[in-house]
Structure formats: structure tokens, C-alpha cells
Amino acid sequence: MILQEVVLCATAPQPSSSGSGSIVLHDIQTGTSLASFKQSSSAPHCTSFVETRDGQGGFILAAQQDKSILNVYNFQKDQLAFKIVLPERLSCIALDNSGSFCAGGTTQGRIYLWEVASGILYNSWDAHYRHVNVLKFTHDGAALISGSDDSGVSVWSVARLVDDDMQNELPTPYCTLSDHTLPVKDIVCGLGAFPTCRVLTASLDHSVKLWDLSSQSLLTTFHFPKPISSAVWDITERLFFAASPDGSIYQVNLFRQRTEKHAGQTIEAVGGAGVSDIIRVADEDNTNSRKRLISVDQQITALAISLTGSLLLVGTATGLIHLYDIASHQLLRTISTHKGLSISYLATMLKPPDLVGHISLSLNLGSSADAKDVIPVRPVVPFHRMKDSKARETHEVVMMLPVQKETPGGIPSAYDYPEAEFQRDYAFFVQPNAIGTSEASSARVAELEAEIRDLREQLGKAKGINDVMWETVVQKVMTQEKQKAVVEGRNVQNEVGDQDDIERPKKKGKKTDGNE
């Protein structure tokens, strides 16, 4: 099983033309079309999807431009699954990563929140005064962030929105990010659990702002020479790209290299000083600016970064998809299949194993129609148009049992992914030379282990020699000390003997004098 990255794009007819668009999956390496889902014309931020994973097939939702209709597709079928009639026309939609909740914004500033598996309308409220342009869930799905033409950005706690005890109260945002002066056109959520994640907001007031949700504060403002309509953030949060409608794309690095006298070269973060911290990104004709500027010369409608973080995908209003190398800003290829249409949405994903016409061989299926038996499609139920308390009371929780290693029929699951195979595919996907590097590393490890064995053997010999030398020296010293003690003892005895010999004559002399 080789991991293959694909591009998911949504198209819509240009304002001057008629007809309908589609949703298409392309191979990111060759640009060839892998699958196409017809009868869809969605505006920017009106398409969202959930990938096939955890034993459940993914699906795509697309809100139509001029209708209060939501189209539902799944990867196992290239036809429209069904249509959902909405309470009103949506201007943007968003799905959380787990595919549990769907949020929709309207031109009147209202936001709807549905549960996908049951269709229950959990909440609907007037969130903004004007057109809602973009909705985004945080990566853990705990918060919903909305941006509007009223220049406001609101952060909503999903737990409070679905709380039964708060259904009769007007929802209040967790916080409001209000520093823009013109409509907010795009929002990008960083990694991390809410509220420890950071958020980028792009606006027509020529700025992109970086926010910290845990402190509910503005970290840095990046000011550009032109209005910003879309932005995309590298997964590692090292840099982001901001695009203006006229075709200019600015690269902003969030880290820079600094040279100090004593510490040498160090890496430090850019910005973070708060409201007063404004970094101006100029487009003057100098070396640094040219390195950070990509000129497309066409109206830009969508941006995306590949899963490897090496490619920048740019969608235009003329139906072209440009792929740039991020390191060099070189144009690698252009997908021109959708000329005459407008690219309204761009995203990258791993090729679904249950993709129609490209069913994975690991599924061991007789036909593509059998895919739904091995990988059932995630349940999507038509959304309710009004809040229904009875439906909430009788609501049953939908649970997906863990995927078994083998299905009851003896067919291996498509999600059986041995650790060794995963590591090999990961190396092939991210770093093609990693396989050869790992072999060289194994040889190096064996060489080091042999060297350690030799060193231990030599250490043992040296220790033996040291013990013999120590024992010899100690015995020699002890022998010398014993001999010295014996000699000293003899000397003492001799001195005592001599003293006695001297004293004896004296005594005899005294005795003789007395007799006389």
C-alpha cells in the first residue's frame, strides 16, 4: 500500500457564463483526473469533506451558490448521493475533523449547527450583523470560529452550543477578536487543542493578524500593500502565504535567523509583542521582497499546501491550478482541466482506498459495488430545518465499533497497516532516500556494537593487569614494612642490652667500695 496524495478541487461557473461546476480529485504528481462528482456549483468556503478513515467511508458536502440546497457525495459513488433542503441559502459551511458536526453561515449573519449523523439542528443564532464569509472548526472540534463582513471574528464553544440547558438562551461567544476594520475573508486554525491553538485571520484591510486563543489576545499584525482575500498556513506553523485578489502571493516567515557575537547564529520567532506589533510586508523591488513574492497575474480564489509541506497550490478565477515549489517559488506544473470555470475550493488529502474507479487492491473486492460492505459510508441524514426539542430528547447516540483485524468473511480490512509497512511507505512518501539511509544506519549500528565489544574486551584485560599490578605493589610494600619492623625491633633489643651491660659494672663498683 503506497500513500498517494491527491488534490480535491471544487469549481463553479464564472459570473459571465452559465452551466454547472463539479468536484474533482487530481493526482498531485501528474495532474490527471482520478474522479469527478458532477452537478455542483459552490462558492468559496462552501465545500467541505471528511476523509475515509477508521473503517468508515468519507463524504463531501457542497452548498450551492444560488439555492438553499446542500449536495452530498461519497467517495464510493461518482453521482450525487442526495440533496438536503436547507432553511435558507448558505454563504459558507464547515465540517469538524471527525465529521460529527456541520456549521453553516448565511448572508444575514446567522449560523446553523447540525449533527451530521442525526440531522438534528442543535442551534441557530444571529452571530454577526452582516454576511458570514468563513467558518472554521479548530482541529479538535471544540470551537467554531466565524468571520464576517462586519469585520468581526467570533469564537464559539461547541459544548455550549449543543448544551440542552442553554437552548433557550442566546449563545455568547467564548471571545471576540475585533481588531480588523474591513470584512474578514479567511481564517486558518493552527494545530493544538482549543484554546491552546493560534489563529490567523485575513481581511481586506490589508492585514493578516495572528491571535492566541488561550489569552484571547492579538500577538502580531502583518500589514500588506494590498487587500488579502485568502491565506494558508504551513502545518508546522513556520510560515504562511497571503494572497490578494489581483494575483500577488506573499510569503511570511514566522521565524528568522539572528547572529549574535557570543551565541553565534540563533533562531527566533517573529513578532509577538501584541497590538502595537505591526510588521509591514512590502512589495518593493528588492532582493528580499522578490524572494517572498509570487505573481500569478490572475485573480486568486483558493490556496492550499501539500501534505508534505513542499508545494503551494493556487486556484484562479480562470480555472487553472498552479503548483509552486515553496522553497524556490518555481512553477512546477499547471492543471488546466477546468478552463472556463472558477476554482472555488482547494485541499489536499490521501487518496481514499474506497475511491470510485480506484478501489484499493488490499480490499480484495470482486467489484467496486462491494466496497460499501467492507467500508460503510459515514451516516449523513437530511438536516432539520427547525429546532425540535422532541427530536433532541429521543436522540440516540451513534457509535461505530472498532475495526476488526479481519472481517467475518475472512477478508482482510483495508485499514490493517503493519508497523513495518507503514514506516516503509512513510519513508517513500516523505523522504525517498530514507530507505537507503536506514540501511546505512543499520550497518553503522552493527559497526559501533562490534567496536563496543572490542573495547569491553580490552577494558577487561586492562582491569586484570591493573589488579595484578596493584596486588604486587601492595605485597611488596607490606613485605618492606615487615622487614623494617623486624630490623627496628632488633635495634631496640641491642640498645637495651648495651644499657644493661653499662649499668652492671657500676653496681659492682659500689658494692666493692662498701666492703672496703
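Residues numbered from 1 in each chain as written. Predicted model: local features only at pLDDT ≥ 70, side-chain atom pairs only at ≥ 80, totals over all residues. Heavy atoms only, no water.

## Some remarks on the overall build of the chain
Where we set the bar: To qualify as a helix, a DSSP run of H or I must reach at least 4 residues; to qualify as a strand, a run of E must reach at least 2; elements of each kind are numbered from the N terminus. Working definition: with a 1.4 Å probe on protein chains only, accessible area under 20% of the residue-type maximum means buried, over 50% means exposed, and in between means partly exposed. Any two residues having at least one pair of non-hydrogen atoms within 4.5 Å are treated as being in contact. Method for areas: the Shrake-Rupley scheme with a 1.4 Å probe, in which residue coverage is limited to the protein chains shown.
Looking only at helices and strands, the chain features six helices and 31 strands. Counting across all 516 residues of the chain, residues that qualify as buried make up 43%. The long-range share in the chain, meaning contacts at least 24 apart out of those at least 6 apart in sequence, stands at 49%. Within the structure as shown, the chain displays about 27,700 Å² of accessible surface, and the carbon and sulfur contribution to it stands at 52%.

## Remarks on the sheet that holds strand E3 (residues 33-37)
Put simply, the test is: We call two strands paired when DSSP finds no fewer than two bridges between them. Each axis is a line fitted through C-alpha atoms, and for a helix only the stretch in contact is used; angles between axes span 0 to 180 degrees, taken between their N-to-C directions.
Pairing in this open sheet of four strands is antiparallel, and the strands run E3-E2-E1-E31 from one edge to the other. Every interior strand has two partners, whereas the edge strands, E3 and strand E31 (341-350), have only one. Each neighbouring strand pair of the sheet contributes to a mean axis angle of 20°, computed without reference to strand direction. In the sheet, strand E1 (residues 5-13) pairs with strand E2 (residues 23-27) via five bridges, with the strands oriented antiparallel. Following the sheet pairing, Ala10 is matched in E2 by Ile23.

## Comments concerning the environment of Gly141
Along the chain, the position of Gly141 falls in the loop between strand E12 (132-137) and strand E13 (143-148). The class for Gly141 is buried, based on a relative accessible area of 12%.

## Remarks on the pattern of salt bridges
To keep it simple, the criterion reads: By definition, a salt bridge exists where a carboxyl oxygen of Asp or Glu is found within 4 Å of a side-chain nitrogen of Lys or Arg.
Overall, the coordinates contain ten salt bridges when judged by the stated rule. For Arg110, the salt bridge identified is with Asp126, shortest N-O distance 2.9 Å. A residue pair is termed long-range when its members are at least 10 positions apart, and Arg110 in strand E10 (residues 110-115) and Asp126 in strand E11 (residues 121-126) qualify at 16 residues. Of the charged contacts in the structure, one is a salt bridge between Lys209 and Asp179, with a shortest N-O distance of 2.8 Å. Placement of the pair is Lys209 in strand E18 (residues 207-212) and Asp179 in the loop between strand E15 (175-177) and strand E16 (184-189), with a sequence separation of 30 residues. Exposure remark for Lys209: the relative accessible area of 5% places this residue in the buried category. A relative accessible area of 30% means that Asp179 is categorised as partly exposed.

## Quick word on the packing of aromatic side chains
What counts here: Pairing of aromatic side chains here covers Phe, Tyr and the six-membered ring of Trp, requires ring centres within 6.5 Å, and sorts the geometry by plane angle: under 30 degrees stacked, over 60 edge-to-face, intermediate tilted. Consider the ring centre and the ring normal. A charge sits over the ring if Lys NZ or Arg CZ is within 6 Å of that centre and within 35 degrees of that normal.
Within this structure, the stated rule accounts for eight aromatic pairs. Note on Phe224 and Tyr250: the rings are 5.4 Å apart at their centroids and 50° apart in plane angle, and the pair reads as tilted. Placement of the pair is Phe224 in the loop between strand E19 (217-223) and strand E20 (230-233) and Tyr250 in strand E22 (residues 248-253), with a sequence separation of 26 residues. For the pair Phe224 and Tyr250, a shared accessibility class is recorded, and that class is buried. Each member of the aromatic cluster is reached from another via a ring pair, and the members are Tyr112, Trp114 and Phe383. A cation over an aromatic ring shows up here: Arg110 above the ring of Tyr112, its NZ or CZ 5.9 Å from the ring centre.

## Focus: the pairing of E19
Successive residues of a regular strand alternate their side chains across the two faces of the sheet. Extensive coverage of E19 is indicated by the burial of five of its seven residues. When E18 meets E19, the two strands line up antiparallel, connected through six bridges. The partner of Ser207 across the bridge, within E19, is His223. Counting the residues in the hairpin turn of E18 and E19 gives four residues, including Gln216, whose phi is positive at 55°.

## Looking at the sheet that holds E19
Spatial strand order, E16-E17-E18-E19-E25: five strands in an open sheet with mixed pairing. Each of the sheet's edge strands pairs with one partner strand only, and the pair in question is E16 and strand E25 (278-280). Averaged over all neighbouring strand pairs, the angle between strand axes comes to 20°, with direction disregarded. Two strands pair when backbone bridges link them, and E19 and E25 are joined in this way by three bridges, in the parallel orientation.

## Points about the nonpolar core
As a reminder of what qualifies: Only buried residues count toward a nonpolar core. Its members are Ala, Val, Leu, Ile, Met, Phe, Trp, Tyr and Cys residues joined through side-chain atoms within 4.5 Å.
Counting residues in hydrophobic clusters, the biggest one holds 20 residues, and the most contacted among them are Leu61 and Leu70. Mapped onto this core, the elements with two or more residues apiece are strand E4 (42-50), strand E5 (59-64), strand E6 (69-74), strand E8 (90-95) and E10. What Leu70 contacts, discounting residues up to four positions off in sequence, is Leu61, Ala62, Ala63, Phe82, Lys83, Ile84, Leu86, Ile93 and Phe383. Val6, Ile23, Leu25 and Phe37 belong to the second-largest nonpolar core, a separate cluster that totals 19 residues.

## With respect to the side chain of Asp325
Spelled out, the test is: Under this rule, positive means Lys or Arg and negative means Asp or Glu; His and the chain ends count for nothing. We call two N or O atoms a polar contact when they sit within 3.5 Å, provided that within protein one can donate a hydrogen and the other can accept it, with sequence-adjacent residues counted only if both atoms are side-chain atoms.
In this structure, Asp325 sits in strand E29 (residues 321-325). Arg333 is the oppositely charged side chain nearest to the buried, salt-bridge-free Asp325, at an N-O distance of 9.2 Å. Reaching out from Asp325, the side chain makes a polar contact with the side chain of Ser328 at a distance of 2.7 Å. The residues contacting Asp325, other than those within four sequence positions of it, are Ser310, Leu311, Gln330 and Leu332.

## A short note on the side chain of Glu5
With respect to the element layout, Glu5 can be found in strand E1. For the buried Glu5, no salt bridge exists, and the shortest N-O distance to an oppositely charged side chain is 9.2 Å, to Arg333. Polar side-chain contacts of Glu5 include one of 2.7 Å to the backbone nitrogen of Leu307.

## Regarding the confidence of the model for the chain
Where we set the bar: Residue-level confidence of the predictor is summarised by pLDDT, bounded by 0 at the bottom and 100 at the top.
Looking at the chain, pLDDT values average 85 and 84% of them are 70 or higher. A low-confidence stretch, residues 407-414 stays under pLDDT 50, and its non-local contacts, those more than four residues away or across chains, total 13 contacts.

## Points about the environment of Leu331
Considering the arrangement of structural elements, one finds Leu331 in strand E30 (residues 331-335). Using a relative accessible area of 39% as the deciding quantity, one classes Leu331 as partly exposed. Each C-alpha atom of the pair Leu331 and Ile294 lies 9.6 Å from the other, and the pair is 37 residues apart in sequence. Setting aside residues up to four positions removed in sequence, Leu331 forms contacts with His322, Leu323 and Tyr324.

## Remarks on unusual backbone geometry
A cis amide bond links Phe194 to the next residue, Pro195, at an omega of 5°. Checked against the element boundaries, Pro195 lands in the loop between E16 and strand E17 (198-203). Positioned with a positive phi, Gln39 is a non-glycine residue whose angle comes to about 60°. Despite not being glycine, His206 shows a phi value in the positive range, around 70°. Among the structural elements, His206 can be located in the loop between E17 and E18.

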